[in-house]
Amino acid sequence: ADAWDIACLAVEGVMAVRENHNWRWQSFERKMKTAEEEAAAAAAAAMAAEQLGRHGEAQRAQAAEAAAVDRIAELEKKAEAARAPLVDADADVADCAGGMILAL
């Protein structure tokens, strides 16, 4: 194989890794959006229950909101950890592209 073929294979490999990390990051982003919607719904339910004098129901809704907020914080950490390799992968793509130019 010549240098061009090797450079193409390197780019394909790096892009596959980048795609995998991007998929993981987007997965966490979708989960965070769902958790944010759950937290908002629980907050609204707590407020409505409190206004109706249903204190036990309001406490359960507040607990659900707190759990959703905790889940959001956990997912944010995981999303950031999944996103960090994307920066490295982008640099690797640039390096491989540079290698392809040199192979010409």
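For the structure, check the block above.
In this text the structure is predicted, and so the values were computed from the model without any measurement. (Residues numbered from 1 in each chain as written. Predicted model: local features only at pLDDT ≥ 70, side-chain atom pairs only at ≥ 80, totals over all residues. Heavy atoms only, no water.)

Student: Any chance you could break down a negative patch on the surface for me, citing the residues and the numbers?
Tutor: Judged by side-chain charge, E29, E36, E37 and E76 come together as a negatively charged surface patch. Here the negative patch takes 3 residues from helix α1 (residues 3–51), the largest share from any one element. Considering the arrangement of structural elements, one finds E76 in helix α2 (residues 55–103). (Patch = residues over 30% accessible without salt bridge, like charges linked within 9 Å, V, L, I, M, F, W, Y side chains within 5 Å. Areas by Shrake-Rupley, 256 points an atom, 1.4 Å probe, with all protein chains shown as cover. Salt bridge = Lys/Arg side-chain N within 4 Å of Asp/Glu carboxyl O. Lys, Arg positive; Asp, Glu negative; His and termini not counted. Charge placed at Lys NZ, Arg CZ, Asp CG, Glu CD. Helix = DSSP H or I, 4+ residues; strand = E, 2+ residues; numbered from the N terminus.)

Student: How would you sum up the environment of A35? Please name residues and give values.
Tutor: As for its position among the elements, A35 is in helix α1. For the pair A35 and R71, spaced 36 residues apart in sequence, the C-alpha separation works out to 6.9 Å. Among residues more than four places away in sequence, those in contact with A35 are A68, R71, I72 and L75. (Contact = heavy atoms within 4.5 Å.)

Student: Before we move on, can you summarise the environment of E37 with the specific residues and values?
Tutor: By the element assignment, E37 lies in helix α1. Its relative accessible area of 47% is what places E37 among the partly exposed residues. Distance in space between the C-alpha atoms of E37 and E65 is 9.9 Å, their sequence separation being 28 residues. (Buried < 20%, exposed > 50% of the residue type's maximum accessible area, 1.4 Å probe, protein only.)

Student: Give me the nonpolar core: which residues, what numbers.
Tutor: In terms of nonpolar packing, the biggest core is built from 9 residues, these being F28, M32, A35, A39, A68, I72, L75, A79 and A82. Secondary structure elements with two or more residues in this core: α1 and α2. Looking at this core element by element, the count peaks at 5 residues for α2. Ignoring any residue separated from it by four or fewer positions in sequence, one finds A39 in contact with E65, A68, V69 and I72. (Core = buried A, V, L, I, M, F, W, Y, C linked by side-chain atoms within 4.5 Å.)

Student: Just give me the short version of the pattern of salt bridges, but keep the residues and values in it.
Tutor: This model, assessed by the stated rule, comprises 3 salt bridges. In this structure, R54 and E57 form a salt bridge, with 3.8 Å as the shortest nitrogen-oxygen distance. The partly exposed category is assigned to R54, whose relative accessible area is 46%. Note that K78 and E74 form a salt bridge whose closest N and O atoms lie 3.2 Å from each other. Remark: E74 and K78 occur in helix α2; sequence separation between them is 4 residues, near one turn of the helix.

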